[in-house]
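# Summary of structural features
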Amino acid sequence: PQARAVALAAVAPYLAPEARGDAVVGEIAAALAVADPYERVLSLVELAPHLGDELRAEALAAAVEGVRDIPEPGERSRALVFLAPHLTETLLDPALNQALAIRDPLERVPALGALMPHLTPLEREHVAREVIGWARAARPAHHRASLLAAVAQVLPDSLLGEAVAVAERIDTPYDRLHVLAALIPRQPERLRDLALEAAQEIPNRYQRVNALLELVPRTGSAPRYPILDQALSTALGIEDDYDRASA
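The following refers to the structure shown. Because the structure is a prediction, the values reported are computed rather than measured.

Criteria and thresholds
- Residues numbered from 1 in each chain as written.
- Predicted model: local features only at pLDDT ≥ 70, side-chain atom pairs only at ≥ 80, totals over all residues.
- Heavy atoms only, no water.
- Helix = DSSP H or I, 4+ residues; strand = E, 2+ residues; numbered from the N terminus.
- Polar contact = N/O pair within 3.5 Å; in protein donor to acceptor, adjacent residues only side chain to side chain.
- Contact = heavy atoms within 4.5 Å.
- Patch = residues over 30% accessible without salt bridge, like charges linked within 9 Å, V, L, I, M, F, W, Y side chains within 5 Å.
- Areas by Shrake-Rupley, 256 points an atom, 1.4 Å probe, with all protein chains shown as cover.
- Salt bridge = Lys/Arg side-chain N within 4 Å of Asp/Glu carboxyl O.
- Phe/Tyr/Trp six-rings, centres within 6.5 Å; stacked < 30°, edge-to-face > 60°.
- Lys NZ or Arg CZ within 6 Å of the ring centre and 35° of its normal.
- Buried < 20%, exposed > 50% of the residue type's maximum accessible area, 1.4 Å probe, protein only.
- Lys, Arg positive; Asp, Glu negative; His and termini not counted.

### So, the side chain of E214
Structurally, E214 is set in helix α13 (residues 205–215). Within the structure, E214 has its side chain in polar contact with the side chain of H178 (distance 2.9 Å). Once residues lying within four places of it in the same chain are set aside, the contact partners of E214 are Y174, L177, H178 and A181.

### As for a nonpolar patch on the surface
Residues L213, Y225 and L228 make up a contiguous nonpolar surface patch of about 280 Å² in total accessible area. Residue position: L213 is located in helix α13.

### Digging into the packing of aromatic side chains
Scanning all chains against the criterion turns up zero aromatic pairs. Directly above the aromatic system of W134 lies the positively charged group of R108, at a separation of 4.4 Å from the ring centroid.

### Side note on the side chain of R192
Among the secondary structure elements, R192 is positioned in helix α12 (residues 188–200). For the buried R192, no salt bridge is present, and the opposite-charge side chain at shortest range is D193, 4.3 Å distant. Contacts of R192, omitting those with residues within four sequence positions, involve I184, Q187, T219, P223 and I227.

Distances and angles like these do not, on their own, reveal function.
Have a look at this one:
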């Protein structure tokens, strides 16, 4: 059924109008017949753009409802991320509740990050405060970094300073850099400098090269060249031949 649902969704836009009605019925039936709940949700979301307004709303509502049937938290989170851009206003609250019901913050926060741009300013600020609180309490350091990085681009401006403060208190420089790099587009000059400082604290040269290269696509063309020069000089100083070639 999954393959049939995907195939029908792909071909439906090219069908003649008189054939399209039957195809839509077949698409919906095939999507709902997919046994795996995660794949069923994905099939319904892929199908939705090809439906009329009423059927599209029903397909997306069925997809949101189907998320609760997904047993694995990571798949539940990914399904919500996939759903988020397609949700109507009436479906945002049920989807948000589904995301908040995921127990593991590492799986919960990516789903919330995908939903946050579609929330009201008040809801978005409330969710962002919750995420920052979870990040502050998270251990080990790379968990804290992952939580903050997942919402870096959707944090309200009013909470950016608080998120940066939590990031600066991450004691492992590689993890601290990961968050600061994700936040750079929000405050390019200040956060680029903080990220560079974190990179220079990384004792392992191979990891330092990777950290510097993580900054490059997030940096404008002018400041990019000194970072590349620093990465090159660091790579040339790696003693292990394999690691040096890989860097």
